[in-house]
Amino acid sequence: MKAFSFSLALAALALCSCGEKSGSPNPGTPQPQGSTGKKLTVGFSQIGAESAWRSAETDSIRSEAEKRGVDLKFSDAQQKQENQIKALRTFVANGVDAIILAPVVETGWEPVLREIKQANIPVVLVDRGVKVSDESLYSTLIASDFVEEGRRAGEWLAKKLEGKGNIVELEGTIGAAPAIDRKKGFHEVIDKNPGMKILRSQSGDFTRAKGKEVMEAFLKAEGKNINAVYAHNDDMALGAIQAIDEAGMKPGTDIVVISIDGVKAAFEAMVAGKLNCTVECNPLLGPAAFDAIEAIRAGKAVEKKTIAKDEVFDQSTAKDVIGSRKY
Ligand code: GYE
């Protein structure tokens, strides 16, 4: 089970303590205090609220902060890197104890991360990675393996289409790690199937509205040529489903729809027969993020990367598991 595997990964992170004693006399009890005895203050620079996945991640981090008595400074960047950089500088100016960053794109972070490092503030990256020449600019990354998610989507689809068919691709935000990697993994598999072709790829910015808009354009250009749509997240797939419905075709039957995330609405769409498959990506990163912060502050070594273990769900299992989904 996913939750079990994920906690295993977290246990590995906790175990990597290089023999040092934990600062907590009582593991599992909330540790609200900073090293000076005051409440721990953590800045969280979030990308925005573009998807159900993103909102679940925000809720997870917010509720975990509350549970542990952490003073969380939350900043919503509305999809803009410049807003994230501004928020990070404000966190530094205000002397937070640690920073959680969900970086909207991969590049362009070095200068601000250097400033943060100089101020001696640990950075925990959640869900998306960054490209930097110096890995010491952040402490750890807690995320899913996006290339593997793309591969799994490709494999599921190749099987479903028996190696033949025309695909359109709804990409995530340009320059974002999950958009780059989910494309890479998917294309890797499709390239091995000469009967499968990707007709068109375009960004739908991870939103339902943009996913619908781009799918409408795809349908206009390619019409009945399209056998399947691969969306880099559920929200765009749900937008595409609407577009297919409105074009008088049957999503899930006339056009196979596959996406990534595994949010509740995706399970509902699978039960309704409109979405065929979703590859899970765990957004409940709050506990792992604060475990990492506590470990770092206690002087323990943490893994550079912690990968959540995710599953693939399709219409054959959707009904059985929908009731137990946590996001
Ligand atoms: O798949 C998407 C969100 O970064 C993994 O961002 C995350 C992605 C997620 O907007 O729904």
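A short tour of the structure in this document, coming up. (Residues numbered from 1 in each chain as written. Predicted model: local features only at pLDDT ≥ 70, side-chain atom pairs only at ≥ 80, totals over all residues. Heavy atoms only, no water.)

1. With respect to the sheet that holds strand 9 (residues 256–261)
Part 1: Pairing in this open sheet of six strands is mixed, and the strands run 7-6-8-9-10-12 from one edge to the other. Lying at the two open borders of the sheet, with one neighbouring strand each, are strand 7 (196–203) and strand 12 (312–314). Strand after strand, the sheet turns through a mean of 20 degrees between neighbouring axes, direction not considered.
Part 2: Here four bridges tie strand 9 to strand 10 (residues 277–280), and the two strands are oriented parallel to one another. Paired with aspartate 261 across the two strands is glutamate 280, which belongs to strand 10.
Part 3: The strands that helix 7 (residues 208–222) touches are strand 6 (165–171), strand 7 and strand 8 (228–231); relative to strand 7, the one it contacts most, it runs at about 135 degrees.
Part 4: On the sheet, helix 8 (residues 234–246) packs against strand 6, strand 8, strand 9 and strand 10 and is oriented at approximately 160 degrees with respect to strand 9. (Pairing = 2+ DSSP bridges. Helix = DSSP H or I, 4+ residues; strand = E, 2+ residues; numbered from the N terminus. Axes fitted to C-alpha atoms, helices over the stretch in contact; angles between N-to-C directions. Contact = heavy atoms within 4.5 Å.)

2. Side note on the site of the ligand
Part 1: Taken together, 13 residues sit near the ligand, with Glu50, Asp127, Arg128, Arg182 and Asp261 positioned nearest.
Part 2: Within the side chain of arginine 54, an N or O atom sits 2.9 Å from an oxygen atom of the ligand.
Part 3: With respect to the ligand, the side chain of asparagine 233 contributes an N or O atom lying 2.8 Å from an oxygen atom.
Part 4: Relative to its unbound accessible surface of 300 Å², the ligand loses 100% to contact with the protein.
Part 5: Every element with two or more residues in the shell around the ligand is listed here: helix 2 (52–67) and helix 6 (177–190).
Part 6: For the shell around the ligand, the class distribution of residues is five nonpolar, two polar and six charged.
Part 7: Each of domain 1 (2–143 + 283–307) and domain 2 (146–281 + 315–319) accounts for three or more of the residues forming the shell around the ligand. (Near = heavy atom within 4 Å. Polar contact = N/O pair within 3.5 Å; in protein donor to acceptor, adjacent residues only side chain to side chain. Areas by Shrake-Rupley, 256 points an atom, 1.4 Å probe, with all protein chains shown as cover. Nonpolar A, V, L, I, M, F, W, Y, C, P; charged D, E, K, R; others polar. Domains from an automatic or database assignment.)

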